[in-house]
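# Architecture at a glance
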Amino acid sequence: MTAPTASTAPVAALALGDDALVLSHRLGEWAGHAPVLEEEVALANIALDLLGQARLLLSMAGDEDELAYLREERAFRNVQLVEQPNGDFAHTIARQLYFSTYQRLLYGQLAAGDTEFAGLAAKAVKEVAYHQDHAEQWTLRLGDGTADSHERMQRACTALWRFTGEMFQPVEGLDGVDWEGLRAVWRKSVEGVLGRATLTVPEGPQSGAWTAGAGRQGLHTEPFGRMLAEMQHLHRSHPGASW
Amino acid sequence: MTNTDWPLWEVFVRSRRGLSHTHAGSLHAPDAELALRNARDLYTRRGEGVSLWVVPSAAITASSPDEKDPFFEPAADKPYRHPTFYEIPEGVQHL
Amino acid sequence: MATAAHRAARTHTDTDGPAGDTALTTAYQVAFDAAVAADERIEPRDWMPDAYRSTLVRQIAQHAHSEIIGMQPEANWITRAPSLRRKAILMAKVQDEAGHGLYLYSAAETLGTGRDELLDKLHSGRQKYSSIFNYPTLTWADVGAIGWLVDGAAITNQVPLCRCSYGPYARAMVRICKEESFHQRQGYELLLALSRGTPEQHEMAQDAVNRWWWPSLMMFGPPDDESQHSTQSMAWKIKRHSNDELRQRFVDICVPQAESLGLTLPDPELRWNEERGHHDFGPIDWAEFRQVLKGNGPCNEQRIDQRRRAHEEGAWVREAAAAYAAKHTTEADSEAGAERA
């Protein structure tokens, strides 16, 4: 069985679709492990929204299951941020804050634009607005909660900071997106939330030598390979089967 | 250790515009903002609502079952409050 | 709307407790018995016998615990679901189970027992959950077998609970049954796809049914003549049908469904009995049931460990939110007021 090559599929649909797919998968890993039962429900809601977006986007690029289950690691186009392991709840929330703020702004622009993503983005932007609100609420509570939670949240924000720059690399096919404007508004928004949460905006670079555009070019971090191995194993064990 | 026993909230859902909010159930949340969000996630997963209220359970004053008779029975013997109490000759319309 | 008066439920029993006037208690008892006999619902602030209250707390708590422990065997496959469609369905289902746990804990709380206390009892092994969840999900087909058989058995048990004499429990069950109708269907559909799929998939489905059939029958509890709580619960209309009655109903429903699936139920003694108008079935291994109940099932420790760990590892998060709320309460209150306006 040959896996579809990335070059035959629209790059933008893969980039956006893989972002949503991979983050949804990571959030799905929380099932049965959330810090409080109410968050089991909340995290699953977000994961389901993202999975729905992923399915629509991947279908624009080909067969959703072939793309999700039969591509090799190097053919995935998601940013490295979304593939980062869940860590503790603070890491998950920091990842949510960084990504949902980006996704909300990006989809807002796409919804107003005239690419083939406009319709999808108009619907998704409402979902993502809720994701961002969820992340913000929890960033405030963890940052401005106890000394322990403050320290954990600060550590998480700092650890994931270097994966944030990649999100603003222009994506081929998303014409009309103002990437530099996006970066500036994102930064202002995140800085605002972190400030209200009594957290410090991390000082380090927003991308390392590797992270600038790496995920979008198919270069991922080590945990991603194991994530895919788990995700794809069953599907690949039964070539051609339907489920 | 801080008190982690989040208080209880009662959730009221307006299922669609034009209807009043109806009690849907309860949940735990540390504060009103999260109570509202938890209510959204828990009680409107299948599109059950267009508006939500959350109220701290402790803020509700309820009538007591012991006072049921003095509270509610006096209303039961006033049939003249109901339209069916009145006899109207056949053929009279719009009444 | 009497569910609102949770705290009052506690004070009500305090003031009318054992120290109260016996004549008054007798009058209460008469009113309670009459309400149950007339098929009226008992509501949280109504007087109720202590044993009725404790039976309900035990049963509702066990039910709630089963929902949240029951997330684990299925969540075990979320990250490996073989198609994106199946993955979405499974995530939604596991999420529903968390939601159902929450509805049920709320119902238990109307009886004056807080969720923290119930969770504590679960974590320390003082309260049980359904033994079925102490079996492992070894293959993807197990997700289907759980939906079809385990949820099927649960629904058979739960539908009569929608008419349970205790109002908040009955209302929670109405909501749960409504939401759960998709759970069983998705399981059946999943198994059907496997049964009609490749020979390997068919075998996987048959193997899962082989492993889940007997434990599903055990979900209805011990035979009627050995069931300790049944008689009183039936008198109180907490329970409406006996264990054996419901088990028989379930077997009768499953036999034709298995045929349509093209799968065999692993019981050589299973056959239609014209005279009884029901299917006869082979003996259940109650020794295994008791072993699993006692903690010797394949996954008892694993399930409780994971639950306890999630709770302990989440403590700092719950503390943070409580601390934040303490600092910002007035602010939050006025904002909530604005939402209402």
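Given the structure is predicted, the values throughout are model-derived calculations rather than measurements.

## Points about the overall build of chain A
Within chain A one finds 9 helices and 0 strands. In chain A, the succession of helices and strands from N to C terminus is α-α-α-α-α-α-α-α-α. Compactness check: chain A gives a C-alpha radius of gyration of 17 Å against a globular reference of 18 Å for 243 residues, within 12% of the reference. C-alpha atoms of chain A, sized along the principal axes, occupy 55 × 40 × 35 Å. Expressed as a percentage of its 243 residues, the buried residues of chain A come to 62%. Intrachain contacts of chain A at a sequence separation of at least 6 include 81% that bridge at least 24 residues. Put simply, chain A shows about 8,800 Å² of open surface, and 53% of that area lies on carbon and sulfur atoms.

## Quick word on the sheet that holds strand 1 (residues 8–14) of chain B
Residues and elements named next belong to chain B. On the basis of which strands lie adjacent, the open sheet formed by 3 strands has the order 2-1-3 and antiparallel pairing. The sheet terminates laterally at strand 2 (22–28) and strand 3 (51–56), the two strands that pair on one side only. Going from strand to strand, the sheet's axes swing by 30° on average, the running direction of each strand aside. As paired elements, strand 1 and strand 2 share 6 bridges and run antiparallel to each other. Opposite Phe12, over in strand 2, you have His23 as the bridge partner.

## Some points on the pattern of salt bridges
All names here are of chain C. Going through the model one piece at a time under the given rule, you end up with 38 salt bridges over all chains. With its nearest N and O atoms 3.0 Å apart, the salt bridge here joins Asp39 to Arg240. Of this pair, Asp39 sits in the loop between helix 2 (22–37) and helix 3 (50–69) while Arg240 sits in the loop between helix 10 (230–235) and helix 11 (243–261), placing them 201 residues apart in sequence. Relative accessible area serves as the criterion here: at 38%, Asp39 is assigned to the partly exposed category.

## Regarding a nonpolar patch on the surface
Residue and element names in this part refer to chain B. A cluster of nonpolar residues, Tyr80, Phe85, Tyr86, Ile88, Val92 and Leu95, forms a patch on the protein surface that exposes about 670 Å² of accessible area. Considering the arrangement of structural elements, one finds Tyr86 in the segment after helix 2 (68–72). Given a relative accessible area of 45%, Tyr86 falls into the partly exposed group.

## Looking at the environment of C:Lys93
Residues and elements named next belong to chain C. Following the sequence through the fold, Lys93 ends up in helix 5 (residues 84–109). Residues Lys93 and Glu179, 86 residues apart in the sequence, show an inter-C-alpha distance of 9.4 Å. If sequence neighbours within four positions are ignored, Lys93 has contacts with Glu74, Ile146, Gly147, Asp151, Phe182, His183 and Gln186.

## What to know about the packing of aromatic side chains
As enumerated under the stated definition, the model contains 24 aromatic pairs over all chains in all. When the centroid spacing of 5.4 Å and the interplanar angle of 65° are considered together, the rings of A:Phe168 and A:Trp186 count as edge-to-face. Here the residue A:Phe168 occupies a position in the loop between helix 7 (147–161) and helix 8 (179–196), and A:Trp186 occupies one in helix 8, the gap between them amounting to 18 residues. You can call A:Trp186 buried: its relative accessible area is 0%. Among the aromatic residues, those joined into a ring-pair cluster are A:Tyr98, A:Phe99, A:Tyr102, A:Trp161, A:Phe168 and A:Trp186. Over the aromatic face of A:Tyr130 sits the side chain of B:Arg40, whose NZ or CZ is 3.3 Å from the ring centroid. We note C:Arg175 situated over the ring of C:Tyr103; from NZ or CZ to the ring centre the distance is 5.3 Å.

## Considerations on the nonpolar core
Core analysis: the biggest nonpolar cluster contains 190 residues, and A:Leu106, A:Tyr107, A:Leu142, A:Leu174, C:Trp140, C:Trp148 and C:Tyr166 have the highest contact counts within it. Per element, the largest residue contribution to this core is 12 residues, and it comes from helix 5 of chain C. Beyond its immediate chain neighbours, meaning those up to four positions away, C:Tyr166 contacts C:Ile42, C:Glu43, C:Pro44, C:Met48, C:Tyr52, C:Leu56, C:Ile60, C:Ala107, C:Thr110 and C:Leu111.

Conventions adopted
Residues numbered from 1 in each chain as written. Chains lettered and ligands numbered in written order. Predicted model: local features only at pLDDT ≥ 70, side-chain atom pairs only at ≥ 80, totals over all residues. Heavy atoms only, no water. Helix = DSSP H or I, 4+ residues; strand = E, 2+ residues; numbered from the N terminus. Rg over C-alpha atoms; globule rule 2.2 N^0.38 Å. Buried < 20%, exposed > 50% of the residue type's maximum accessible area, 1.4 Å probe, protein only. Contact = heavy atoms within 4.5 Å. Areas by Shrake-Rupley, 256 points an atom, 1.4 Å probe, with all protein chains shown as cover. Pairing = 2+ DSSP bridges. Axes fitted to C-alpha atoms, helices over the stretch in contact; angles between N-to-C directions. Salt bridge = Lys/Arg side-chain N within 4 Å of Asp/Glu carboxyl O. Patch = residues over 30% accessible without salt bridge, like charges linked within 9 Å, V, L, I, M, F, W, Y side chains within 5 Å. Phe/Tyr/Trp six-rings, centres within 6.5 Å; stacked < 30°, edge-to-face > 60°. Lys NZ or Arg CZ within 6 Å of the ring centre and 35° of its normal. Core = buried A, V, L, I, M, F, W, Y, C linked by side-chain atoms within 4.5 Å.

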